[in-house]
Amino acid sequence: MKKKIISALLCVAMVATVAVGCGKSSDSKSTDSASSSDSSSLVMPVSATVTSLNGDLETMAEGAFQLAPYQDKLYYVDQDETRWYLADSCEVSEDGLEYTLKLKDNLKWHDGEQITADDVIFTFNCNQNTDNGAGYTNVVFVGDKEVKAEKVDDLTVKFTLPEVSASYYELLGKLILIPEHAFDGNTDIKSADANLTDIGSGPYKLVEFKDGESLTFEKFEDYYGDEPQIDQITFKVIPDASSQEVAFKNGEINFFAVSSDDVATEMEETDGVTLHKLAEGRVKYLAWNKYCPTWENRDAVKAVFMALNQEEIVKGAYGDSMGTTANSVFSNRNLFYDKDVKGYEQNLDEAKKLAQSSGLAGKTITLHYNTDRSYMEATALLIQEQLKEVGVEVELAGGDATAVSNAMKDPNNEYDMYLGGYIMGIDPDTFSSLFKNGAAYNYMHYSGYDTIDQLFEEGFSEMDESARKETYAKLQAAIQDTGAFYPIISNNKILVVNNRIQGVKEAGLVPVYTFEDTSNLKIAK
């Protein structure tokens, strides 16, 4: 195997909130360019503030979005290229077991101290201390075996893996560094005071954090990259989508993510704004509770899947612009997504036969869904309507995200089916945490499929890209064949941006973090 140099950019992010307004919406559906605040500030809406300013501890998507301007990644791996941030290079040994990471020279923390290999080792050790609950344990462990990290010089660290991992280079790029000196070298960081201080390395430094209200950053003058173009960024708490839309029209915020196809259509007809569409990397699905007696005869599951009209559900619940029908467990942004995997097709005659023969016909089943997520209720109502066609009644049971998650984790819960969704990484091995037997996020309790586990293992250890592609094509088809769950849609995220905000393309729209590099955003004078 040839030695390769991987320059990768992976957005493990954190974004800040700023204070600026976009123009107010007029009766003629226009948004003017007058700012409700300083023209050198940007304001972005969030549903809640972060709980920590430490990106190793704040690992939820909305927290990553807020911290992205404040803490840089090592590198970012995209579908067709890699891009550098704090790291300058990553050299992989011929046997795939050693990764030599070199930092750029003259990097600085926001307090002016140098970023060095000691900070890389310290961050690594903090994640290896599992009591911290840090979010990058997949960088310090391969499976249940420890990775070793060794300082080579002030800018270089060598990582030695216990076994080959084809996904490791992407995972390493996501690691968010934290400063050793800010924590006095103590790797017990979970309750450290430093977690609420400025420990950033990105283009924007901390100004003020108001828990539950806002998070504000200003540009960091000693940033190693191009000079940030906006003076200040503020993340402002506006809990629900409709309130964010109103705030945008009133000039209180500079952009928002649309919540429905109708809103997208309205905004397309509004002067002074631009819509940006991003394949979000999220798959929403229908799953069944394998421990529920309803599904003892697996033909009952087949009856449900064959009764559903996927295109009708997507069009009715999401509209034309909010996503595309999903045919695979992998999102359409995944490196080895296979567009040719055959999805489930509606066959009402066969569905009715299976519903009768399996004893499902005439029963009432419960469908649990997350009321915090857009489109879930509309999706549930359409499923309810379609299953009536095969003699199955559906009782809808909505709950918040915590309630749904807790129910899915509990094998003895009272629900027959669930609506859920996930965003995983670019590398397909990240999906193993959902589908391998006993995996951390296998809330569907997916088990008993040795072939699936074996294919994940093969893909994980295979370094040849063409061979990995073939393995993951087999894997996607195999999971579909099990009938474990029903993928519904691969979501799009649509941002409505005031035209005063420029550089969106250059900033790079990416899943989770929204903007890959906020230093490229500009505000027109």
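**Quick word on the overall build of the protein**
Inference 1: If you tally the helices and strands in the protein, you get 15 helices and 24 strands.
Inference 2: Against the compact-globule benchmark of 24 Å for 525 residues, the protein has a radius of gyration of 24 Å, which places it among compact chains.
Inference 3: By its C-alpha atoms, the protein is 70 × 65 × 40 Å across when sized along the principal axes.
Inference 4: With 525 residues in all, the protein has 54% of them scored as buried.
Inference 5: Counting every atom, the protein has about 21,800 Å² of accessible surface; 42% of that belongs to carbon and sulfur.
Inference 6: If the 46 positive side-chain charges of the protein are averaged to one point and the 86 negative ones to another, these points end up 3 Å apart.

**Let's talk about the side chain of Asn-413**
Inference 1: Counting through the fold element by element, Asn-413 comes out in the loop between helix 11 (401-409) and strand 19 (417-423).
Inference 2: A distance of 2.6 Å separates a polar side-chain atom of Asn-413 from the backbone oxygen of Asp-410.
Inference 3: Residues within four places of Asn-413 in sequence aside, it is in contact with Asn-289, Ala-407 and Tyr-418.

**Structural notes on the pairing of strand 18 (residues 393-399)**
Note on strand geometry: in a regular strand, side chains alternate between the two faces of the sheet.
Inference 1: Summarising the sheet, strand 17 (residues 364-370) and strand 18 pair through 7 bridges and their orientation is parallel. Residue pairing in the sheet places Tyr-369 in a bridge with Gly-398 of strand 18.
Inference 2: Handedness of the crossover joining strand 17 and strand 18 through helix 10 (residues 376-388) is recorded here as right-handed.

**Here we look at the side chain of Asp-72**
Inference 1: Mapped onto the fold, Asp-72 is located in the loop between helix 1 (61-67) and strand 3 (75-77).
Inference 2: Despite its burial, Asp-72 pairs with no opposite charge; the closest candidate is Lys-73, at 4.3 Å N-O.
Inference 3: Separated by 2.7 Å, the side chains of Asp-72 and Tyr-223 make a polar contact.
Inference 4: Setting aside residues no more than four positions away along its own chain, Asp-72 makes contact with Tyr-85, Leu-86, Ile-176, Ser-201, Gly-202, Pro-203, Tyr-223 and Tyr-224.

**Thoughts on the sheet that holds strand 13 (residues 232-237)**
Inference 1: If you trace the 4 strands from one edge of the open sheet to the other, you get 2-13-12-11, paired in mixed fashion. Two strands in the sheet have a free side with no partner beyond their single neighbour: strand 2 (41-46) and strand 11 (204-210). Across this sheet, the average inter-strand angle for adjacent strands is 20 degrees, counted without regard to direction.
Inference 2: As defined by bridge partners, strand 2 adjoins strand 13 across 6 bridges and the pair is classed as parallel. What sits directly across from Val-43, in strand 13, is Thr-234.

**Quick look at the nonpolar core**
Inference 1: Of all hydrophobic cores here, the largest spans 50 residues; its most connected members are Leu-286, Trp-295, Val-304, Leu-387, Met-417 and Leu-419.
Inference 2: With 6 residues, the top contributor of residues to this core is helix 7 (residues 299-307).

**As for helix 13 (residues 450-461)**
In an α-helix there are 3.6 residues to a turn, and that puts residues three or four apart on one side.
Inference 1: With 12 residues, helix 13 extends 17 Å between its outermost C-alpha atoms, agreeing within 8% with the 16 Å of an ideal straight helix rising 1.5 Å per residue.
Inference 2: Of all the positions in helix 13, only Ile-452, Leu-455, Phe-456, Gly-459 and Phe-460 are classed as buried. Summarising the axial view, the buried residues of helix 13 lie within an arc of 135 degrees, below the 170-degree limit, and thus occupy one face. More than 90 degrees from the buried face of helix 13, the exposed residues found are Asp-450 and Thr-451.
Inference 3: At its buried positions, helix 13 is contacted by strand 7 (141-142), helix 12 (432-435) and helix 14 (465-482).

**Describing the packing of helix 13 against helix 14**
A pair of packed helices can be characterised by two numbers: the angle between their axes and the separation between those axes.
Inference 1: The interhelical angle for the contact between helix 13 and helix 14, taken along N-to-C directions, is 160 degrees, at an axis separation of 9 Å. Considering the angle they form, helix 13 stands roughly antiparallel to helix 14. Once helix 13 is placed against helix 14, the crossing between them reads as left-handed. Two secondary-structure elements touch here, helix 13 through Ile-452, Leu-455, Phe-456, Glu-458, Gly-459 and Phe-460 and helix 14 through Arg-468, Thr-471, Tyr-472, Lys-474, Leu-475, Ala-478, Ile-479 and Thr-482.
Inference 2: Classifying every residue of the contact of helix 13 with helix 14 by side-chain character gives 8 nonpolar, 3 polar and 3 charged.

**Observations regarding the pairing of strand 13**
Inference 1: Note: strand 12 (residues 214-219) against strand 13, 5 bridges, orientation antiparallel. Paired with Leu-215 across the two strands is Phe-235, which belongs to strand 13.

**A short note on the packing of aromatic side chains**
Inference 1: Inspection of the entire model under this criterion finds 22 aromatic pairs.
Inference 2: Ring centres of Tyr-75 and Trp-84 lie 6.0 Å apart, and the angle between their planes is 75 degrees; on these two criteria the pair is classed as edge-to-face.
Inference 3: Residue classification places Tyr-75 among the buried residues on the basis of a relative accessible area of 0%.
Inference 4: Residue class for Trp-84 comes out partly exposed when judged on its relative accessible area of 24%.
Inference 5: Between Phe-124 and Phe-159, the ring centres sit 5.7 Å apart and the planes meet at 45 degrees, which makes this aromatic pair tilted. On the criterion of sequence distance, the pair formed by Phe-124 in helix 2 (residues 117-128) and Phe-159 in strand 10 (residues 156-160) is long-range, its members being 35 residues apart.

**A closer look at the packing of helix 8 (residues 310-318) against helix 10**
Inference 1: In the contact formed by helix 8 and helix 10, the axes pass within 9 Å of each other and the chain directions differ by 140 degrees. The pairing of helix 8 with helix 10 is recorded here as oblique in orientation. In the crossing of helix 8 with helix 10, the sense of the turn from one axis to the other is right-handed. Contact residues: Glu-312, Ile-313, Gly-316, Ala-317 and Tyr-318 in helix 8; Ala-378, Thr-379, Leu-382, Ile-383 and Gln-386 in helix 10.

**Focus: the pattern of salt bridges**
Inference 1: On inspection of all chains with the given rule, the structure shows 24 salt bridges.
Inference 2: A salt bridge links Arg-83 to Glu-81, with the nearest nitrogen and oxygen atoms 2.9 Å apart.
Inference 3: Ionic contacts of the salt-bridge type, sharing partners, join the residues Asp-78, Glu-81, Arg-83, Arg-333 and Glu-516 into one network.

Procedures and definitions
- Residues numbered from 1 in each chain as written.
- Predicted model: local features only at pLDDT ≥ 70, side-chain atom pairs only at ≥ 80, totals over all residues.
- Heavy atoms only, no water.
- Helix = DSSP H or I, 4+ residues; strand = E, 2+ residues; numbered from the N terminus.
- Rg over C-alpha atoms; globule rule 2.2 N^0.38 Å.
- Buried < 20%, exposed > 50% of the residue type's maximum accessible area, 1.4 Å probe, protein only.
- Areas by Shrake-Rupley, 256 points an atom, 1.4 Å probe, with all protein chains shown as cover.
- Lys, Arg positive; Asp, Glu negative; His and termini not counted.
- Charge placed at Lys NZ, Arg CZ, Asp CG, Glu CD.
- Polar contact = N/O pair within 3.5 Å; in protein donor to acceptor, adjacent residues only side chain to side chain.
- Contact = heavy atoms within 4.5 Å.
- Pairing = 2+ DSSP bridges.
- Right-handed = clockwise from strand over helix to strand, strands pointing away.
- Salt bridge = Lys/Arg side-chain N within 4 Å of Asp/Glu carboxyl O.
- Axes fitted to C-alpha atoms, helices over the stretch in contact; angles between N-to-C directions.
- Core = buried A, V, L, I, M, F, W, Y, C linked by side-chain atoms within 4.5 Å.
- Expected span 1.5 Å × (residues − 1).
- Arc of directions from axis to C-beta.
- Parallel < 35°, antiparallel > 145°, perpendicular 65-115°, else oblique.
- Left-handed = near helix turned anticlockwise from the far one by under 90°.
- Nonpolar A, V, L, I, M, F, W, Y, C, P; charged D, E, K, R; others polar.
- Phe/Tyr/Trp six-rings, centres within 6.5 Å; stacked < 30°, edge-to-face > 60°.

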